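One letter stands for each residue in the lines below.
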Amino acid sequence: QVQLVESGGGLVQPGGSLRLSCAASGSISGIRAMGWYRQAPGKQRELVATATSGGTTNYADSVKGRFTIARDNAKNTVFLQMNSLKPEDTATYFCNADILRRFYLTWDAYWGQGTQVTVSS
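Residues numbered from 1 in each chain as written. Predicted model: local features only at pLDDT ≥ 70, side-chain atom pairs only at ≥ 80, totals over all residues. Heavy atoms only, no water.

Chemist: When you look at the overall build of the protein in this model, what are you seeing that I'm missing?
Modeler: Of regular secondary structure, the protein possesses 0 helices and 11 strands. Tracing the protein from N to C terminus, the helices and strands come up as β-β-β-β-β-β-β-β-β-β-β. Taking 2.2 N^0.38 as the reference for a compact globule, 121 residues should give roughly 14 Å; the C-alpha atoms of the protein span a radius of gyration of 14 Å, in line with that estimate. Referenced to the eigenvectors of the C-alpha coordinate spread, the extents of the protein come out at roughly 50 × 25 × 20 Å. By the burial criterion, 42% of the 121 residues in the protein qualify as buried. Across the protein, the fraction of contacts at a sequence separation of at least 24, relative to all contacts at a separation of at least 6, is 56%. (Helix = DSSP H or I, 4+ residues; strand = E, 2+ residues; numbered from the N terminus. Rg over C-alpha atoms; globule rule 2.2 N^0.38 Å. Buried < 20%, exposed > 50% of the residue type's maximum accessible area, 1.4 Å probe, protein only. Contact = heavy atoms within 4.5 Å.)

Laid out in structure tokens, this is it:
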């Protein structure tokens, strides 16, 4: 069994910062990409940022220059540092990881339960 557990969401004023964390645990043989997605009420889930195990990163245009994704591969953890937050960043943020479980031959996508980020004055 594999779990992704997120933390770090909350309420912040415009211009403020938050740091999200997501730790993968369980019977894991390997992790390829890890990333963050978000979903605002009434909208589709969208990519925020991803990072491969080798360090290649990808960002949505809307967050470039403000958000930074980083991984600690030894701890199966991914972080999202969010600076200069805007009200339009308000959403539930979900962690995603492409994981190979021990004794399995296929890679599967796993999701965390989501953490709420609200940017409001």
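Chemist: In this structure, what is going on with the pairing of strand β5 (residues 46–51)? I would like to understand it.
Modeler: Each regular strand carries side chains that alternate between the two faces of the sheet. In this structure, strand β4 (residues 28–39) lies alongside β5, joined through 5 bridges in antiparallel fashion. Counterpart to W36 in the pairing with β5 is A49. In textbook terms, the turn of a hairpin is the stretch between consecutive antiparallel strands, and for β4 and β5 this stretch comprises 6 residues, one of which, G42, has a positive phi near 80 degrees. Pairing between β5 and strand β6 (residues 57–59): 3 bridges, direction antiparallel. If you follow A49 over to β6, its bridge partner there is Y59. Linking β5 back to β6 in an antiparallel pair, the connection comprises 5 residues, with G55 at a positive phi of about 105 degrees. (Pairing = 2+ DSSP bridges.)

Chemist: Mind showing me how you'd approach unusual backbone geometry here?
Modeler: Of all residues except glycine, most have a negative phi; of all peptide bonds, most are trans. Backbone geometry at N76 places phi at a positive 50 degrees, although glycine is not the residue there. You can see N76 is positioned in the loop between β7 (67–72) and β8 (77–82). According to the relative accessible area criterion, N76 is partly exposed, its value standing at 24%. Phi is positive for S84, close to 50 degrees, though the residue is something other than glycine. Locating S84 in the fold gives a position in the loop between β8 and β9 (91–101). Overall, the relative accessible area of 40% leaves S84 in the partly exposed class.

Chemist: Hey, could you run me through the nonpolar core in this one?
Modeler: Nonpolar side chains in soluble globular proteins tend to be buried together. W36, L80, M82, Y93 and I99 are the most contacted members of the largest nonpolar core, which has 32 residues in total. Contributing elements (two or more residues each) for this core: β1 (2–7), β3 (18–26), β4, β5, β7, β8, β9 and β11 (115–119). Per-element tally for this core: the top contributor is β9, with 5 residues. Excluding its chain neighbours within four sequence positions, the residues that come into contact with Y93 are E6, L20, W36, Y37, R38, V48, F67, L80, M82, G114, T115 and V117. (Core = buried A, V, L, I, M, F, W, Y, C linked by side-chain atoms within 4.5 Å.)

Chemist: I would appreciate a short explanation of the sheet that holds β7 in the present structure.
Modeler: Where strands meet in a sheet, backbone hydrogen bonds hold them as pairs that are either parallel or antiparallel. Pairing is antiparallel across the open sheet formed by 4 strands, whose spatial order is β1-β3-β8-β7. At either margin of the open sheet sits one strand with a lone partner, and together these are β1 and β7. On average, adjacent strands in this sheet sit at an angle of 15 degrees to one another, irrespective of strand direction. Where β3 and β8 come together, 6 bridges link them in antiparallel fashion. The partner of C22 across the bridge, within β8, is V78. (Axes fitted to C-alpha atoms, helices over the stretch in contact; angles between N-to-C directions.)

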